[in-house]
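What follows is the residue order along each chain.
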Amino acid sequence: MNIKQFEYKPLAHYSYAIVSNGEMAVIDPERDPKAYYDFAEKNNAKIVAVIETHPHADFVSSHLQIHKETGATIYNSVKLGADYPHNPFDDGDSITIGDILLEAINTPGHSPDSITIVATQADETALFTGDTLFIGDVGRPDLRENVGNMKAKREELAEMMYQSITTKFNHLPDNAIVYPAHGAGSLCGKNLSEANSSTLGNERLGNWAFKSQTKEAFMNTILDGQPFIPSYFGFDVDTNKAGAETLKVSIDSVPFKKDETATGLIVDIRDEADFKKGHLPGSINIMGVSETEKFETWLGAIVQPKEPFTLVVASEDQKDYILNRVAKIGYEKQLTQVITISEENLVETEKLDLVDFKENPENYTIIDIRNTSEVNEERFFDTAKSYPLNELRENANNIPTNKPVVVHCAGGYRSAAGSSILENILKNTTVFDLSEDINNFK
C-alpha cells in the first residue's frame, strides 16, 4: 500500500494519504490542503475521498475545502451530525480506493462519533485509528461533555473506550500497522509515544489499555491525570462539524498595517528578547517565530474563542506564515488585524536581578504557571504559588501584590506569556520573567 504520513509538529498531528491505481483518499487533513494536492499530483492520482475519524478538537480540518476544490466525497460517522455534504461511514460500510478496501469500525471513547478505518490489500492491513488508539496510549475521554452533535460525560466515554479496546480490534491481525492522528506532545492524550506508528501486536503487548484489567481499573487510569483542556477545543469541534471556510479566502480578509498601534487584546509573536525591549501596552507575548514553539496551543488556551485580538509581527515577511498558524485552530475569524509596530510609545520589560533573587527569594512573590500535573511532580521553589497559564488571565487578580512578582515555567516559553499577562493586569506591581534562568534552579 502506498501510504504517506504528514506531520504538523506544533500540534503533534498526523494526517494521511492512501494512493492506489490513480485514486487517493485523505484521512484527517490539516487546515492547509496544499501538501495533499502536491502528493496527488506527484502520484498522478485524483483525490476521491476525504475521511474524518471524528470532529477534531485541537485543529481545524480542511475536509470541506478539499471536497469543494476536488469533488472528493467526505466520509464520517453518521453520529457526527455533520452539517456539510457527506456519506455515512460506520460499522459495515466500506469504500475502495483503487485496489485497497477501506472499512469503518465505530470505536467510541475519545468521542461518541469516533471511527477507525481498516485498510486492506492482499495480506497487508493498516489501521487509521484517529484519536482512539495512540502509540502507547488511548485518546482522552473528557472533551465532549458540552460540545458536538453527541454529548457524553467523561465516565460514559471512558466506559465506551474500554468496550472499543476490548472488543473492536480483536478480529484484526498482529501485523496490522497502527497509524494514529497524534503523537507525543498532543493534548488529546496523556502518555503518547514519540513513535509515529506501531503494529497492533506491539500495542497488544505494550499499551496499558490492552492489559488484562477490570473495567473499573481501566476507567480509573484513563480518567486520572489528563492534561488541561485549552479554551479553543470545543470551538474547533463545532467548527469541524460545520466545515471550515476555504483557507485562503479566510486569511485574505485579515488586514495588514505597518508601523501601527493598537488597543484591546494584543498578541505579540516576536521573540521574547525583542518583546522585552519594547512592546505595545497591553501586549501578551505568545512566541510564534519557529515550529518548535507551541504557538497554536497557547494562543487557543489564553485567548478565548471569538475574542477579538490584534497580532503583532516583526516584519511583513511573517504575515502569511503566522496567519496560516492562527488558522490551524480557526482563530483567523476573530483576528482584527496584523501589524508591525513603530519605535514610539513602547513599554520596556524590567530585567530581574538574578543575584538578588537567588540570595533573597523571600522578597519576591514567585508564580509557577506550569500545569498542575507538572507542579505535583516537581516543585522548583517551596514558596511558589501555582497559577496555570491557561487560567492566568482569569485568576491574576488573586495574586498578592505586596512584593515584586517573578514568573516561571519549565523552560521559558510559557513564562514569557505569563509574565506579560501579569504585567498588564497587575498595574502597580513589578513583574519579572525568570525565563530560561529557571534552569539554574532545577
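The structure we're discussing is the one just above.
Residues numbered from 1 in each chain as written. Predicted model: local features only at pLDDT ≥ 70, side-chain atom pairs only at ≥ 80, totals over all residues. Heavy atoms only, no water.

## Focus: the overall build of the chain
Rules: Helix and strand assignments come from DSSP, with helices taken as H or I runs of at least 4 residues and strands as E runs of at least 2, each series counted from the N terminus. Computation of the radius of gyration draws on C-alpha atoms alone. For the globule rule, the value is 2.2 Å times the number of residues to the power 0.38. Relative accessibility thresholds used throughout: buried, under 20% of the residue-type maximum; exposed, over 50%; partly exposed, between the two (1.4 Å probe, protein chains only). By definition, residues are in contact when any of their heavy atoms lie within 4.5 Å. For the accessible areas, the method is Shrake-Rupley and the probe is 1.4 Å, while residue cover comes only from the protein chains on display. In this count, Lys and Arg are taken as positive residues and Asp and Glu as negative ones, while His and the chain termini are left out. Charge coordinates come from a single atom per side chain, which is NZ of Lys, CZ of Arg, CG of Asp or CD of Glu.
Scanning the chain for helices and strands turns up 14 helices and 21 strands. The globule rule puts the C-alpha radius of gyration for 442 residues at 22 Å, and the 23 Å found for the chain is close to it. Dimensions along the principal axes, computed over C-alpha positions, put the chain at roughly 70 × 50 × 35 Å. Classification of the 442 residues of the chain by burial places 56% in the buried group. Across the chain, the fraction of contacts at a sequence separation of at least 24, relative to all contacts at a separation of at least 6, is 69%. For the chain, the computed accessible surface area is about 18000 Å², with 45% contributed by carbon and sulfur atoms. Distance between charge centroids for the chain: 2 Å, based on 41 positive and 68 negative side chains.

## Overview of the sheet that holds strand E19 (residues 385-386)
Here is the rule we go by: Two strands qualify as a pair provided DSSP detects at least 2 bridges between them. The axes used here are C-alpha line fits, helices contributing only the stretch in contact, and every angle between their N-to-C directions lies in the interval 0 to 180 degrees.
On the basis of which strands lie adjacent, the open sheet formed by 4 strands has the order E19-E18-E20-E21 and parallel pairing. Sheet topology places E19 and strand E21 (431-433) at the edges, where each strand pairs with a single neighbour. Here helix H14 (residues 413-425) sits on the sheet and contacts strand E20 (405-408) and E21; the angle it forms with E21, its principal contact strand, is near 170 degrees.

## With respect to the packing of helix H3 (residues 154-168) against helix H5 (residues 215-223)
A packed helix pair is summarised by two numbers, namely the angle formed by the two axes and the spacing between the axes. The cut-off we apply is this: If an angle is under 35 degrees, it is roughly parallel; if it is over 145, roughly antiparallel; if it lies from 65 to 115, roughly perpendicular; otherwise it is oblique. Should the near helix be turned anticlockwise from the far one by less than a right angle, the crossing is termed left-handed; should it be turned clockwise, right-handed. Each residue gets one of three labels, nonpolar for Ala, Val, Leu, Ile, Met, Phe, Trp, Tyr, Cys and Pro, charged for Asp, Glu, Lys and Arg, and polar for the others, Gly among them.
Between H3 and H5, the least distance of the axes is 9 Å, while the angle of their chain directions is 120 degrees. It follows from the interaxial angle that H3 and H5 lie oblique. Once H3 is placed against H5, the crossing between them reads as right-handed. Across from Arg154, Glu155, Ala158, Glu159, Met161, Tyr162, Gln163 and Ile165 in H3, the residues of H5 making contact are Lys215, Phe218, Met219, Ile222 and Leu223. Considering only residue class, the contact of H3 with H5 consists of 8 nonpolar, 1 polar and 4 charged.

## Concerning the nonpolar core
Here is a general trend for soluble globular proteins: nonpolar side chains tend to be buried in one another's company. Keep this limit in mind: Among buried residues, the Ala, Val, Leu, Ile, Met, Phe, Trp, Tyr and Cys ones that are joined through side-chain atoms within 4.5 Å form a nonpolar core.
Ranked by size, the top nonpolar core spans 55 residues in total, and within it Ile286, Phe295, Leu299, Phe309, Leu311, Tyr331 and Leu422 carry the most contacts. Only helix H6 (233-242), helix H7 (247-252), helix H9 (295-302), strand E16 (309-312), helix H10 (319-328), strand E17 (335-339), E20 and H14 provide two or more residues apiece to this core.

## A short note on the sheet that holds strand E15 (residues 283-285)
Ordered in space as E13-E17-E16-E14-E15, the 5 strands form an open sheet in which the pairing is parallel. Looking at the sheet topology across the chains shown, the edges are occupied by strand E13 (256-257) and E15. Where E16 and E17 come together, 4 bridges link them in parallel fashion. Along E17, the bridge assignment pairs Thr310 with Gln337.

## Some words on empty space enclosed by the protein
Test applied: Each cavity reported here is a set of points on a 1 Å grid over the protein atoms alone in which a 1.4 Å probe fits but cannot get out, each pocket an open set with protein on both sides within 12 Å along at least five of seven lines, and each lining residue one with an atom within 4 Å of a point. Grid points are joined across faces, edges and corners, and a volume is the space filled by probe spheres set on the points.
Across all of its chains, the model carries 1 cavity of 30 Å³ or more by this definition. By volume, the largest cavity amounts to about 30 Å³. If you trace the largest cavity, you find it lined by His54, Pro55, Ala57, His110, Ser111, Leu143, Arg144 and Val237. Residues that form the lining of the largest cavity fall into these classes: 4 nonpolar, 3 polar and 1 charged.

## Considering the packing of H9 against H10
Following both chains from N to C, one finds H9 and H10 inclined at 60 degrees, their axes separated by 9 Å at the closest point. Classified by the interaxial angle, the pair formed by H9 and H10 is oblique. In the crossing of H9 with H10, the sense of the turn from one axis to the other is right-handed. Counting all contacts with H9, which are made through Phe295, Glu296 and Leu299, the residues of H10 involved are Ile322, Arg325, Val326 and Lys328.

## A look at the pairing of strand E1 (residues 2-8)
As paired elements, E1 and strand E2 (residues 13-20) share 7 bridges and run antiparallel to each other. What sits directly across from Gln5, in E2, is Tyr16. The hairpin formed by E1 and E2 contains 4 residues between the paired strands, and Ala12 there has a positive phi angle of roughly 50 degrees.

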